[in-house]
Amino acid sequence: AQSVSQHNHHVILSEAASLELGCNYSYGGTVNLFWYVQYPGQHLQLLLKYFSGDPLVRGIKGFEAEFIKSKFSFNLRKPSVQWSDTAEYFCAVNAHSGGSNYKLTFGKGTLLTVNP
Amino acid sequence: DAMVIQNPRYQVTQFGKPVTLSCSQTLNHNVMYWYQQKSSQAPKLLFHYYDKDFNNEADTPDNFQSRRPNTSFCFLDIRSPGLGDAAMYLCATSRDPDRGAYNEQFFGPGTRLTVL
């Protein structure tokens, strides 16, 4: 069964600091990869996604992520965070397992706190 | 705006008293999902509907049931809530992932269930 690991439970940064959130998955086949964000009191929103092509994907609000297949990783980055980036970030994987393409497996999430 | 709507946002029930959570969507998506998310944990898929076809996850307790009377609506029924069922319940939708390259899911705001 596929699994997703997010290494940091809580990250605290100051504004303008650079951000990298780790995400590793365990599945050897074809995957689609996602980062979702949940701002305080709001619903989960898609930040960016990878399904094929250029392994460096750019999402909304200046976020990007790089798919490194050899490392089974899909780390999220932002060069300069803002206070408004304070949120919980979830990495998710959809494995093309033949039986079902419907299932998204989520990591446990990383809470990002950005101090002004 | 097309969206996923969940009602109520907060639900309080008593131990053992049946409760129903509601989800509706204006996206006209084929697939609807129910997730359970407990504090500091990843969203956990309970089941999904592809049109009228119900797909239960193997580890979803029998206490949880679902109904999808039409494309727009999906209900989560908890027949006899226990204290351990207190959680955030998320509804999500997607287009048929077998017709596209990836399974992007759109989430509602969630219903927070409290069991007294």
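Residues numbered from 1 in each chain as written. Chains lettered and ligands numbered in written order. Predicted model: local features only at pLDDT ≥ 70, side-chain atom pairs only at ≥ 80, totals over all residues. Heavy atoms only, no water.

Enquirer: Which residues make up the overall build of chain B, and what are the values?
Expert: Check the secondary structure of chain B and you find zero helices and 11 strands. By the compact-globule yardstick of 13 Å for 116 residues, chain B fits well, its C-alpha radius of gyration being 14 Å. Overall, chain B is about 45 × 30 × 30 Å in size when its C-alpha atoms are taken along their principal axes. Here chain B, with 116 residues, has 53% of them falling under the buried criterion. Intrachain contacts of chain B at a sequence separation of at least 6 include 57% that bridge at least 24 residues. Counting 11 positive and 11 negative side-chain charges, chain B places the centres of these two groups 7 Å from one another. (Helix = DSSP H or I, 4+ residues; strand = E, 2+ residues; numbered from the N terminus. Rg over C-alpha atoms; globule rule 2.2 N^0.38 Å. Buried < 20%, exposed > 50% of the residue type's maximum accessible area, 1.4 Å probe, protein only. Contact = heavy atoms within 4.5 Å. Lys, Arg positive; Asp, Glu negative; His and termini not counted. Charge placed at Lys NZ, Arg CZ, Asp CG, Glu CD.)

Enquirer: Any details on the environment of Arg9 of chain B? Residues and values, ideally.
Expert: Residues and elements named next belong to chain B. Along the chain, the position of Arg9 falls in the loop between β1 (4-7) and β2 (10-13). As for Arg9 and Ser39, which are separated by 30 residues in sequence, their C-alpha atoms are 16 Å apart. Among the polar contacts listed, one links the side chain of Arg9 to the backbone oxygen of Gly110, at a separation of 3.4 Å. (Polar contact = N/O pair within 3.5 Å; in protein donor to acceptor, adjacent residues only side chain to side chain.)

Enquirer: I'd like a description of the interface of chain B and chain A, backed by residues and values.
Expert: Contacts between the two partners involve 25 residues from chain B and, on the opposite side, 21 residues from chain A. Summing the contributions of chain B and of chain A, the shared interface buries around 1,900 Å²; its carbon and sulfur component is 60%. For the pair chain B and chain A, the number of links is two salt bridges. Residues Lys49 of chain A and Glu104 of chain B are paired through a salt bridge, measuring 3.8 Å at the closest nitrogen-oxygen approach. Linking chain B with chain A are two residue pairs in polar contact (both at pLDDT 80 or more). Of all the secondary-structure elements, those providing two or more residues to the side of chain B that touches chain A are β4 (31-37) and β5 (44-50) of chain B. Taken together, the residues of the side of chain B that touches chain A break down into 13 nonpolar, seven polar and five charged. (Buried area = accessible area lost by both parts, 1.4 Å probe. Salt bridge = Lys/Arg side-chain N within 4 Å of Asp/Glu carboxyl O. Nonpolar A, V, L, I, M, F, W, Y, C, P; charged D, E, K, R; others polar.)

Enquirer: Talk me through the nonpolar core; I want residue IDs and the actual numbers.
Expert: All names here are of chain A. Judged by nonpolar contacts, the single largest core of 29 residues is most densely connected at Leu33, Trp35, Leu47, Leu48, Phe74, Leu76 and Tyr89. When residues in this core are grouped by element, the largest group, five residues, is from strand β10 (residues 87-95). Leu48 has contacts with Leu33, Phe34, Trp35, Val57, Arg58, Gly59, Phe63, Glu64, Ala65, Phe74 and Leu76, leaving out every residue within four places of it along the chain. (Core = buried A, V, L, I, M, F, W, Y, C linked by side-chain atoms within 4.5 Å.)

Enquirer: Explain the pairing of strand β12 (residues 110-115) of chain A to me, using residue names and the numbers behind them.
Expert: Residue and element names in this part refer to chain A. Residue alternation in β12 divides its side chains into a buried set, Thr110, Leu112 and Val114, and an unburied set, Leu111, Thr113 and Asn115. Relative to β12, β10 runs antiparallel, the two sharing three bridges. Bridging across to β12, Tyr89 finds its partner in Thr110. (Pairing = 2+ DSSP bridges.)

Enquirer: Account for the side chain of Thr93 of chain B, naming residues and giving values.
Expert: All names here are of chain B. Topologically, Thr93 is positioned in strand β9 (residues 87-94). By relative accessible area, Thr93 is classed as buried at 0%. A polar atom in the side chain of Thr93 sits 2.8 Å from the side chain of His29. With residues up to four places along the chain from it excluded, the contact list for Thr93 reads Val4, Gln25, Leu27, His29, Val31, Met32, Tyr33, Glu104, Gln105 and Phe106.

Enquirer: Give me the lowdown on the pattern of salt bridges, citing residues and values where you can.
Expert: Residues and elements named next belong to chain A. Considering all chains together, one arrives at eight salt bridges over all chains under this definition. With a closest N to O distance of 3.3 Å, Arg77 and Glu66 form a salt bridge. Of this pair, Arg77 sits in strand β9 (residues 73-78) while Glu66 sits in strand β8 (residues 64-68); the two residues are 11 residues apart in sequence, bridging distant segments of the chain. Each of the salt bridges in this network shares a partner with another, and the network as a whole consists of Arg58, Glu64, Glu66 and Arg77.

Enquirer: Describe the state of the cysteines, listing the residues and the values that go with them.
Expert: Taken as a whole and assessed by the stated rule, the structure comprises two disulfides over all chains. The partner cysteine of Cys23 of chain A in its disulfide is Cys91 of chain A, sulfur to sulfur 1.9 Å. Of note, the bridge from Cys23 of chain A to Cys91 of chain A carries an S-S torsion of about -65° and is left-handed in sense. Of this pair, Cys23 of chain A sits in the loop between β3 (19-21) and β4 (24-26) while Cys91 of chain A sits in strand β10; the two residues are 68 residues apart in sequence, bridging distant segments of the chain. Between Cys23 of chain B and Cys91 of chain B runs a disulfide, and the two sulfur atoms are separated by 1.9 Å. (Disulfide = S-S within 2.5 Å.)

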